[in-house]
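Summary of structural features
Take a look at the letters that make up each chain.
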Amino acid sequence: MKNIRLDEQDAEYAERGIDEVVLVDGDYETLVELLDLRGNNLTAADVTAAASKLKALYLGRNQLSEWPEGLFQCSELHHLYLHKNKLRGAVPSALGNLKQLQVLSLAGNALSGALPACIGELRQLEQLDVQENFFVSLPKSLSQLQDLRVLNLYRYVLLFALNYCLPSTTVC
């Protein structure tokens with residue numbers, strides 16, 4: 001089993017959603033490459049068992065107030081969608097462990113403070129969506145992201161310091 005999809009379009013789950021997902025060790029969990037749980041009112045998620053193979057994690061439009069357990073062990077993760085949840089405070093510097101990330105969506109949460117410098121370690125990053133949060137600054141390390149094509153800072157992002165150069169191909 002490579003893909004697990006239980007998003008809000010799934011008729012069985014559309015009305016009631018699910019509250020919590022924990023992948024447990026077994027034969028199939030370590031083979032999961034895509035986990036799509038968008039719009040299910042999740043309040044917690046544990047992806048530890050799938051961390052070694054997971055390439056795409058869709059947890060947008062849920063009720064997560066904490067970062068998913070095992071997330072920062074997902075060394076093969078390319079796409080991470082955590083938009084429109086209830087994440088608050090600072091972005092953990094462990095995000096820098098996700099070196100294969102190409103798309104990162106943290107939009108529509110209540111994240112604040114400075115976006116951590118570890119973002120610059122995500123050299124494969126092409127799209128970064130941090131709109132509708134409360135960041136006060138962006139790190140200079142963003143200038144190291146030569147593949148970054150889309151940086152979404154729209155609405156409610158409080159930025160006091162934009163004193164760095166983004167790659168010339170980046171669209172803000």
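Just so it is clear, the structure is predicted and the values come from calculations on it, not from any experiment.

**Observations concerning the overall build of the protein**
Broken down by element type, the protein carries one helix and twelve strands. When its helices and strands are written in sequence order, the protein yields β-α-β-β-β-β-β-β-β-β-β-β-β. Split into buried and exposed, the 172 residues of the protein put 47% on the buried side. When contacts within the protein are restricted to residue pairs at least 6 apart in sequence, long-range pairs at least 24 apart make up 36% of them.

**As for the sheet that holds strand β9 (residues 110–114)**
Through backbone hydrogen bonds, the strands of a sheet pair up, either in parallel or in antiparallel fashion. Strand order in the open sheet formed by three strands is β7-β9-β11, and the pairing between neighbours is parallel. Each of the sheet's edge strands pairs with one partner strand only, and the pair in question is β7 (88–89) and β11 (134–137). Where β9 lies against β11, three bridges are found, and the strand directions are parallel. Within β11, the residue paired with Ser112 across the bridge is Phe134.

**Considering the environment of Leu57**
Relative to the helices and strands, Leu57 is located in strand β5 (residues 56–58). The buried category is assigned to Leu57, whose relative accessible area is 0%. Excluding anything up to four places from it in sequence, Leu57 contacts Leu35, Val47, Leu71, Leu77, His79, Leu80 and Tyr81.

**Focus on the sheet that holds strand β8 (residues 103–105)**
Read across the open sheet, the seven strands follow the order β1-β3-β5-β6-β8-β10-β12; overall the sheet is parallel. If you trace the sheet from one side to the other, it starts and ends with β1 (3–5) and β12 (150–152), each paired once. Neighbour-to-neighbour, the strand axes of the sheet open up by a mean angle of 5 degrees, direction not taken into account. With three bridges connecting them, β8 and strand β10 (residues 127–129) associate as parallel partners.

**Looking at the confidence of the model for the protein**
For the protein, the mean per-residue pLDDT works out to 83, and 74% of the residues sit at or above 70. Every residue in residues 10–15 is under pLDDT 50, and counting partners more than four places away or in other chains gives five contacts.

**Remarks on the nonpolar core**
Leu80, Leu95 and Leu128 are the most contacted members of the largest nonpolar core, which totals 42 residues. For Leu95, the contacting residues outside a window of four places in its chain are Phe72, Leu80, Leu101, Leu104, Cys118, Ile119 and Leu122. Counting residues in hydrophobic clusters, the runner-up holds five residues, among them Leu34, Tyr58, Tyr81 and Val103.

**Observations regarding the pattern of salt bridges**
Taken as a whole, this structure holds two salt bridges when the rule is applied. The salt bridge partner of Asp36 is Arg38, with a shortest N-O separation of 2.5 Å. With its nearest N and O atoms 3.0 Å apart, the salt bridge here joins Glu121 to Lys99. Placement of the pair is Glu121 in the loop between β9 and β10 and Lys99 in the loop between β7 and β8, with a sequence separation of 22 residues. For Lys99, a relative accessible area of 38% gives the class partly exposed.

**Remarks on the environment of Leu98**
Structurally, Leu98 is set in the loop between β7 and β8. In the structure, Leu98 is positioned 19 residues away from His79 in sequence and 10.0 Å away in space, judged by C-alpha atoms. The residues touching Leu98, leaving out its near neighbours within four places in the chain, are Leu71, Phe72, Cys74, Leu77, Leu80 and Leu122.

**Looking at unusual backbone geometry**
One non-glycine residue, Arg61, adopts positive backbone phi at about 55 degrees. Structurally, the position occupied by Arg61 is in the loop between β5 and β6 (79–81). With phi around 55 degrees, Glu132 is a residue other than glycine that occupies positive phi space. As for its placement among the helices and strands, Glu132 is situated in the loop between β10 and β11. Judged by its relative accessible area of 22%, Glu132 falls in the partly exposed class.

So, how was this worked out
- Residues numbered from 1 in each chain as written.
- Predicted model: local features only at pLDDT ≥ 70, side-chain atom pairs only at ≥ 80, totals over all residues.
- Heavy atoms only, no water.
- Helix = DSSP H or I, 4+ residues; strand = E, 2+ residues; numbered from the N terminus.
- Buried < 20%, exposed > 50% of the residue type's maximum accessible area, 1.4 Å probe, protein only.
- Contact = heavy atoms within 4.5 Å.
- Pairing = 2+ DSSP bridges.
- Axes fitted to C-alpha atoms, helices over the stretch in contact; angles between N-to-C directions.
- pLDDT = per-residue confidence, 0-100.
- Core = buried A, V, L, I, M, F, W, Y, C linked by side-chain atoms within 4.5 Å.
- Salt bridge = Lys/Arg side-chain N within 4 Å of Asp/Glu carboxyl O.

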